[in-house]
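Fold and contact review
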Amino acid sequence: MEEFNLTILFASVIATATPILLATLGETISEKSGIINLSLDGTLLLCAMTGFVISYETNSLILGFAGAAVVGAVISSIVGVFSIYLNQSQVAVGFVLTLMARDLAYFIGNPYSRIQGPQVAHMPIPFLEDIPFLGSVFFNHNFTVYFSMLMIFACWWYIYKTPYGLKLRAVGEHPGAAFSRAINPRKSQMLYVIAGGLIIGIAGATFSLSTKAGWGRPQGAEGTGWIALALVIFGGWNPIKAAVGAYLFAFLQTMGIHFQSWFPSVPAQVFNMAPFPLMIFTLLIINFFQRESIILLAKDKPLLKTILRKLDNTAPTSLGKPYKPDEY
Amino acid sequence: MTIIKEENTTISLLKDISLTALFVFIFTTLIITISGAPPFEAYENIIRGAFGSYSKFGQVIKVWIPLTLCSCGLLYTFKINLWNIGIEGQMIMGAVFGMAAFKYIPGTCPAALTILIAFIAGLTGGAIWALFAGFLKTFGGVNEIFAGLGMNFVAQSIILWLIFGPWKREGIASMSGTEQLSEPLWLSTFTKMRISPTAIVLTVASILITAFILKYTKVGLGLKAIGSNMQSAFMYKLKPTSYMLLAMIFAGGFAGLAGTMQVTGVYHRLIPTISSNYGYLALFVVMLANYNVWAAPLVALFFACLNVGSIQLPMVLQIDSSLSGVIQGALVLATLGVQSFKTMKKKRREYNNSNGRV
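In what follows, the accompanying structure is described. (Residues numbered from 1 in each chain as written. Chains lettered and ligands numbered in written order. Predicted model: local features only at pLDDT ≥ 70, side-chain atom pairs only at ≥ 80, totals over all residues. Heavy atoms only, no water.)

1. Structural notes on the side chain of S39 of chain A
Residues and elements named next belong to chain A. Our working definition: By the criteria applied, helices consist of DSSP H or I runs no shorter than four residues and strands consist of E runs no shorter than two, each listed in order from the N terminus. Pairs of N or O atoms within 3.5 Å make up the polar contacts considered here, provided that, within protein, one atom can donate a hydrogen while the other can accept it, and that residues adjacent in sequence are counted only when both atoms are side-chain atoms. Contacts between residues were defined by any pair of non-hydrogen atoms, one from each residue, lying within 4.5 Å.
Inspection of the secondary structure puts S39 in the loop between α1 (2-32) and α2 (40-58). A polar side-chain atom of S39 sits 2.6 Å from a polar atom in the side chain of N37. If near-sequence neighbours (up to four positions away) are discounted, S39 is found in contact with I75, V79, G94, L97 and T98.

2. Some remarks on empty space enclosed by the protein
Residues and elements named next belong to chain B. For clarity, the cut-off: Here a cavity denotes grid points, spaced 1 Å and computed from the protein atoms alone, that fit a 1.4 Å probe unable to get out, and a pocket denotes an open set having protein on both sides within 12 Å along at least 5 of 7 lines; residues with an atom within 4 Å of a point are the lining. Grid points are joined across faces, edges and corners, and a volume is the space filled by probe spheres set on the points. The nonpolar class holds Ala, Val, Leu, Ile, Met, Phe, Trp, Tyr, Cys and Pro. Asp, Glu, Lys and Arg form the charged class, and all remaining residues, Gly among them, are polar.
Evaluation of the coordinates by the stated rule reveals one cavity of 30 Å³ or more. Taken as a whole, the largest cavity spans an internal volume of roughly 100 Å³. If you trace the largest cavity, you find 13 residues lining it, with K62, I65, A199, G265 and V266 closest to the centre. Ranked by residue count, the leading element in the lining of the largest cavity is helix α10 (residues 240-267), at four residues. Tallied by class, residues from the lining of the largest cavity come to seven nonpolar, four polar and two charged.

3. Notes on the interface of chain A and chain B
When the parts come together, some accessible area is lost, and that loss is often what is quoted as the size of the interface. Cut-off, in case you're wondering: Once two parts are put together, the accessible area they lose, assessed with a 1.4 Å probe and summed over both, is termed the buried area. Salt bridge, as used here: a side-chain nitrogen of Lys or Arg that lies within 4 Å of a carboxyl oxygen of Asp or Glu.
Facing 43 residues of chain A, the contacting portion of chain B comprises 52 residues. A combined buried area of about 4100 Å² lies between chain A and chain B, and 78% of that area is made up of carbon and sulfur atoms. On the surface where chain A and chain B come into contact, there are one salt bridge. R217 of chain A is the salt-bridge partner of D320 of chain B, the closest N and O atoms lying 2.4 Å from each other. Taken together, the links from chain A to chain B amount to six residue pairs in polar contact (both at pLDDT 80 or more). For the side of chain A that touches chain B, the secondary structure elements donating two or more residues are α3 (61-85), α4 (90-109), α10 (224-234) and α12 (275-289) of chain A. Among the residues forming the side of chain A that touches chain B, the class breakdown is 32 nonpolar, seven polar and four charged.

4. So, helix α7 (residues 197-216) of chain B
Residues and elements named next belong to chain B. As a reminder of what qualifies: Every helix has an expected span of 1.5 Å times one less than the residues it contains. Think of it in three bands: with a 1.4 Å probe and only protein chains considered, a residue is buried below 20% of the maximum accessible area for its type, exposed above 50%, and partly exposed in between.
For α7, with 20 residues, the first-to-last C-alpha span of 28 Å sits near the 28 Å given by 1.5 Å per residue. If you check which residues of α7 are buried, you get A199, T203, S206, I207, T210, A211, I213 and L214. For α7, the secondary structure elements touched by its buried residues are α3 (54-79), α8 (218-228), α10 and α12 (295-309). Two or three places before T198, at the opening of α7, S196 has a side-chain oxygen 3.2 Å from that residue's backbone nitrogen.

5. Regarding the environment of M273 of chain A
Mapping M273 of chain A onto the fold places it in the loop between α11 (239-262) and α12. Each C-alpha atom, one on M273 of chain A and one on F249 of chain A, is 9.7 Å from the other, the two residues being 24 residues apart in sequence. Contact partners of M273 of chain A, with chain neighbours within four places excluded, come to F153, Q156 and S157 of chain B.

6. Describing the nonpolar core
Buried together is how nonpolar side chains tend to be arranged in soluble globular proteins. The condition that has to hold: We call a set of buried residues a nonpolar core when its members are Ala, Val, Leu, Ile, Met, Phe, Trp, Tyr or Cys and they connect through side-chain atoms within 4.5 Å of each other.
Membership of the largest hydrophobic core comes to 201 residues, with the highest contact counts inside it found for F95 of chain A together with W83, I85, L270, F284 and F303 of chain B. Among all residues touching F95 of chain A, those that are not within four sequence positions of it are L38 and W226 of chain A together with W83, I85, Y280, L283 and F284 of chain B. Counting residues in hydrophobic clusters, the runner-up holds five residues, among them L9, M255, F259 and F271 of chain A.

7. Remarks on a nonpolar patch on the surface
Which entries qualify depends on this criterion: Distance thresholds for patches are 9 Å for like charges and 5 Å for nonpolar side chains (Val, Leu, Ile, Met, Phe, Trp, Tyr), applied to residues having over 30% relative accessible area and no salt bridge. Only the protein chains shown count as cover for residues, with accessible areas throughout obtained via the Shrake-Rupley method and a probe of 1.4 Å.
On the surface, L6, F10, L128, I131, F133 and L134 of chain A cluster together into a nonpolar patch covering about 450 Å² of accessible area. Looking at where F133 of chain A falls in the secondary structure, it is placed in the loop between α4 and α5 (134-138).

Following this line, the structure appears as structure tokens:
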């Protein structure tokens, strides 16, 4: 009996983590290239709405996901154009877009509130689902879940193991140096912001077509974008670590029901706030370990050095600072 | 020699504003048409919803007050180039501290004094919360945006915990908030418009104080100097750290004041959505006002009209009231766009001039 419950718990963690995980991966790619896409939270909602409405009207899930991905790409390309080409603050534009996209989603989605719509079908993977425990936890879900799990490794492999990924990291770390190596920083930043937007769009559609099926005000996806933003930092801009963060968060969320019975006076929403103090703490640690005194202290202590290297999650150096070419 | 044609600033400002307005008008009309509602009827409803009666305009003023207070606070932080996104949480903590004062000051204390203490408590609460973010920024090296954002959610969970836990109403804990304050602790209001003269006086005073500090004092100059050029500020022996913390204290203080105002003047209790996103909206206001002290209250008034005017949209036209947010966002975005096109044009002209081309 005990074991059976554990299976359900982990399976539901994997399922609920899916949209957050995808959003985190999308944001990681964009931030790796140096652009903070602060519009994440609103974009997720707008894409959730788009995905639901398109699937409802056309009765095609594929079109729903595609439409949501396009909307995600459009919103992030606005962030990209404003910050890369028009020299505006990324944060300002992203922030305006996050609130605006949310309101736009509520406004346009209003007639589609609280109606039954299409949903992604359950699709266990044959043979693999029969593995005891692991089968039910990992291979007994719908397509979006498998997609998100594949994406973790795809993103990691792309960023760290391919020449394109090397260029992506170069642009995020030192666009000027990348430029002298014949990479166009503006163009590749734009490309990766849009790529991130596509993934974020799919994440949004995953909400309304699978995880929290349907549309309404509130939809239930509110605030997820901010959590994903925190998880990107918590994961040290590394897709795998960020994914671990996303699963941890989903675990907390799933356990929230149990926590509530243990501490009845604490509302469940409070547990959802856990990523934020962790994010601030991670940033503090990052900064702390980059202090010269600490680096000097660890200089001839191999053990300390290894620990530091393990804990060191450096942000892309030019994160948030758009590249300005020297021509006028 | 090349002659650079200087445009008349007033005319060029008017040109920019009308260009922005035109863009936003086309965009919103398109959006409303897509949603299947008649656009002009929607506009008419917003105007009637904001100015239709004394009580409706009173509502507008009620929204204008916290929005303006938060904008005043943000002017300080923007001046020194800090993006104080944590203003939302600072407003929440102001409300919490204000409520704490009302809760724990014995009833024997005269009401006016209690309200005064609550205001001071709220101001302090907001300032402390801002100071946390400020310390994280200056000593911890944590970007103020991420710090502020994180602190917002922490503040939100504190207020939820208080409402459902220690401060819950006798027997029931619900989203409707804590127990109501006793009537003497409410800010007294005009009968017709139901707005409080105290709140208006405080808000106008805040605008004047902010304008004075930013324009005519050493503090204002220091903030501006550091904000525009950190390196040269060092040469003049200005301490960026202390000025940053000071700006955060000002911002948090005004936001905290707004929070307490919501408790004693509007809701008469603590509710989970006490800040109503006014902090975030104030960021829009200040950006749209181009960081100008005198323009900010006007933009805030306009935003308040949009917010209140759109409340009745769902009942009359069956469209969502979030239309106001769409218009506000489009306005800021369009302004940023027009601004950058102008600077780009100017830069290109300068570049051409310096190369002897016209």
